[in-house]
Amino acid sequence: MQSIRATVETDGDVEEELRSLLRWLRADEETGPYTYGELASSVAPDPEHMGAPPLDLISLTVSVALGAGQLAVGIAQWRGARPGAPKVTLHRGDVRVEVHDADPDTVLRLTEMLAEGRDDGSAGAS
C-alpha cells in the first residue's frame, strides 16, 4: 500500500469537491477496489482554538495493484463531470503530479510517483 495526498483547487467549496472526488474514486470499478481515502487537513489542530481545522486534502492509500493509468483516468473523468474542472494535484514525498487528463505524460509521471519508494513508503524528488 502507498500513501498519496490529493488536493483540489477550485473557486467553489474545496471540501465539497474533495468529498465528490473521494466518492467518485470509491464508486469507480477500476479504482474503487484499490483505493482507500479519507478527508484530512494540511494543518494540525490548534489547542488554543475550538473546532477542527478545515478539511483541505484527501489522504489516499492505494494498492500497488492500482495502475497509474487507472488513477489518471478516474480523476480525469471526475474533472470532466465537474463544473469548472477543478485542478487536482497528487503529492507523494517531494513528487507532485497535476492531473489534467489521462495523456501519456500524466500516466508516466503517476507511474514514476507510484514506483518511487515502493518498499519504504517514501518518495524521492523528481
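Each chain carries its own residue numbering, running from 1 in the direction its sequence is written. Under the rules for a predicted model, residues below a pLDDT of 70 receive no local features and side-chain atom pairs below 80 are neither given nor counted, while totals for whole chains, interfaces and linings still include all residues. Water and hydrogen atoms were dropped before computing side-chain values, which therefore reflect all heavy atoms in the structure.

Sorry if this is basic, but what is going on with the nonpolar core here?
Most often, soluble globular proteins keep nonpolar side chains buried together rather than apart. Residue types Ala, Val, Leu, Ile, Met, Phe, Trp, Tyr and Cys, when buried and joined through side-chain atoms within 4.5 Å, form a set referred to as a nonpolar core. Only protein chains enter the accessibility calculation, which uses a 1.4 Å probe; a residue is then buried when its area is under 20% of its type maximum, exposed when over 50%, and partly exposed in between. In this structure, Ile4, Leu21, Ile58, Leu60, Ile75, Leu90 and Leu110 are the most contacted members of the largest nonpolar core, which totals 25 residues. When contributions to this core are tallied by element, the ones reaching two or more residues are β1 (2-9), α1 (14-27), β3 (57-62), α2 (68-81), β4 (87-92), β5 (95-99) and α3 (104-115). Working definition: helices are DSSP H or I runs of at least four residues, strands are E runs of at least two. Numbering for both runs from the N terminus. If you tally residues by element for this core, the top one is α2, at five residues. Not counting chain neighbours up to four residues away, the residues in contact with Ile75 comprise Leu21, Leu25, Val88, Leu90 and Val99. It only takes one pair of heavy atoms within 4.5 Å for two residues to be counted as in contact.

Which parts of the structure should I look at to understand the packing of α1 against α2?
As a rule, the C-alpha atoms of each element are fitted with a line to give its axis, helices using only the stretch in contact, and angles between N-to-C directions run from 0 to 180 degrees. Axis separation between α1 and α2 bottoms out at 10 Å; the angle between their running directions is 130°. Accordingly, the angle class assigned to the pair α1 and α2 is oblique. Crossing of α1 against α2: the hand is right-handed. On the side of α1, the interface is formed by Glu17, Ser20, Leu21, Trp24 and Leu25, while α2 contributes Leu71, Gly74, Ile75, Gln77, Trp78 and Ala81. Of the residues that constitute the contact of α1 with α2, the class distribution is seven nonpolar, three polar and one charged. Angle categories are assigned with fixed cut-offs, so that under 35 degrees is roughly parallel, over 145 is roughly antiparallel, 65 to 115 is roughly perpendicular, and the rest are oblique. Here a crossing is called left-handed whenever its near helix is offset anticlockwise from the far helix by less than a right angle, and right-handed whenever the offset is clockwise. Gly counts as polar in this scheme, as do all residues outside two lists: the nonpolar Ala, Val, Leu, Ile, Met, Phe, Trp, Tyr, Cys and Pro, and the charged Asp, Glu, Lys and Arg.

Would you mind showing me how to read the pairing of β3 here?
Note on strand geometry: in a regular strand, side chains alternate between the two faces of the sheet. By the convention used here, strands pair only if DSSP detects at least 2 bridges between them. Relative to β3, β1 is paired through five bridges, and the arrangement is antiparallel. Looking at the pairing, Gln2 lines up with Val62 of β3. As judged from the six bridges shared by strand β2 (residues 35-40) and β3, these two strands associate in the antiparallel manner. Looking at the pairing, Tyr36 lines up with Thr61 of β3.

Honestly, the side chain of Gln2 in this entry has me stumped. Any pointers?
With respect to the secondary-structure elements, Gln2 resides in strand β1. Each polar contact in these results corresponds to two N or O atoms within 3.5 Å; when the atoms are within protein, one needs to be able to donate a hydrogen and the other to accept it, and residues that are neighboring in sequence are counted only if both atoms are side-chain atoms. Of note is the side chain of Gln2, whose polar atom sits 3.3 Å from the backbone oxygen of Leu114.

Could you clarify how one ought to interpret the sheet that holds β4 in this entry?
The strands that make up a sheet are held in pairs by hydrogen bonds between backbone atoms, and each pair lies either parallel or antiparallel. In space, the five strands of this open sheet follow the order β2-β3-β1-β4-β5, with antiparallel pairing throughout. Every interior strand has two partners, whereas the edge strands, β2 and β5, have only one. Mean inter-strand twist for the sheet, computed between neighbouring axes without regard to direction, equals 25°. Seen against the sheet, α2 touches β1, β4 and β5 and runs at an angle of roughly 150° to β4.

Remember, this is a structural readout, not a statement about activity or role.
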